[in-house]
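Working through the structure, step by step
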Amino acid sequence: MDHNNQDKSEFTYTYSAREQAELKRIREKYAAPTVAEDKMAHLRKLDASVTNTAQAVALAFGVIGTLILGLGMSLIMTDFADFLGLGETMSMVIGISVGIVGGILASLAYPIYNAIVKAKRKKLAPEIIRLTDELMK
C-alpha cells in the first residue's frame with residue numbers, strides 16, 4: 001500500500017454562473033486596481049467635473065434669481081409693502097425693479113451653464129484626449 005497516493009485525492013466543487021459573478025464582484029472590491037482601471041476612473045472623474053461645476057453654479061443663479069423675483073412679486077401683490085412702511089406707488093416701483101433683476105438672474109442660469117461647460121471642456125480637453133488615447137491602445 002502506497003501512503004503517498006492515498007492523501008492526494010481532492011474534492012472539487014464548481015459554482016453556478018450566478019455564484020461565479022458574485023465571487024468576481026466581491027474579489028474586485030479587494031483586488032488592487034490596475035493602471036487601466038485607475039486611468040478610467042480618473043477619466044470618468046474629469047468628465048463628470050465638467051458638468052457638476054456648471055450645474056452647481058447655474059442652479060445657484062436660478063434659485064437666487066427666482067427668490068429675488070418672488071420678493072419683487074410679493075412687494076407688488078401682497079401687503080408686504082405696508083409691513084415695510086412703503087406706499088403703494090413706491091412698493092410697485094421697487095417690486096417691479098426687484099422682479100426684473102430676479103428674472104434676469106434666473107434667465108442667465110442656462111447661458112452661464114453653457115459658458116462654464118465650454119470653458120471646462122476646453123481646459124480639460126488635452127488631459128481627456130491623452131487619457132482616452134492611452135486607454136484605447
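Each value, and the rule that gives it
Residues numbered from 1 in each chain as written. Predicted model: local features only at pLDDT ≥ 70, side-chain atom pairs only at ≥ 80, totals over all residues. Heavy atoms only, no water. Helix = DSSP H or I, 4+ residues; strand = E, 2+ residues; numbered from the N terminus. Contact = heavy atoms within 4.5 Å. Buried < 20%, exposed > 50% of the residue type's maximum accessible area, 1.4 Å probe, protein only. Expected span 1.5 Å × (residues − 1). Arc of directions from axis to C-beta. Patch = residues over 30% accessible without salt bridge, like charges linked within 9 Å, V, L, I, M, F, W, Y side chains within 5 Å. Areas by Shrake-Rupley, 256 points an atom, 1.4 Å probe, with all protein chains shown as cover. Salt bridge = Lys/Arg side-chain N within 4 Å of Asp/Glu carboxyl O. Axes fitted to C-alpha atoms, helices over the stretch in contact; angles between N-to-C directions. Nonpolar A, V, L, I, M, F, W, Y, C, P; charged D, E, K, R; others polar.

This paragraph deals with the side chain of serine 91. With respect to the helices, strands and loops of the structure, serine 91 is situated in helix α5 (residues 88-107). With sequence-adjacent residues up to four places away left out, serine 91 is seen in contact with Leu75, Ile76, Ala81 and Leu86.

Turning next to the environment of serine 91. According to the relative accessible area criterion, serine 91 is buried, its value standing at 6%. Separated by 11 residues in sequence, serine 91 and phenylalanine 80 have C-alpha atoms that sit 8.8 Å apart.

This next bit is on α5. Look at α5: 28 Å from first C-alpha to last across 20 residues, which is about the 28 Å you get at 1.5 Å a residue. Among the residues making up α5, those that are buried are Ser91, Gly95, Gly99 and Gly102. Axial view of α5: buried residues confined to an arc of 65 degrees, hence all on one face.

Attention now moves to a nonpolar patch on the surface. A surface patch of nonpolar side chains, amounting to about 860 Å² of accessible area, comprises Phe61, Leu69, Met73, Ile76, Met77, Met92, Ile96, Ile100, Ile104 and Leu108. Of all the secondary-structure elements, those providing two or more residues to the nonpolar patch are α3 (35-77) and α5. As for its position among the elements, methionine 92 is in helix α5.

Relative to each other, α5 and helix α6 (residues 109-136) sit at 35 degrees, their axes nearing to 4 Å. Here α5 contributes Leu105, Ala106 and Ser107 to the contact with α6, which in turn contributes Ala109, Tyr110 and Pro111. For the contact of α5 with α6, the residue count by class is five nonpolar, one polar and no charged.

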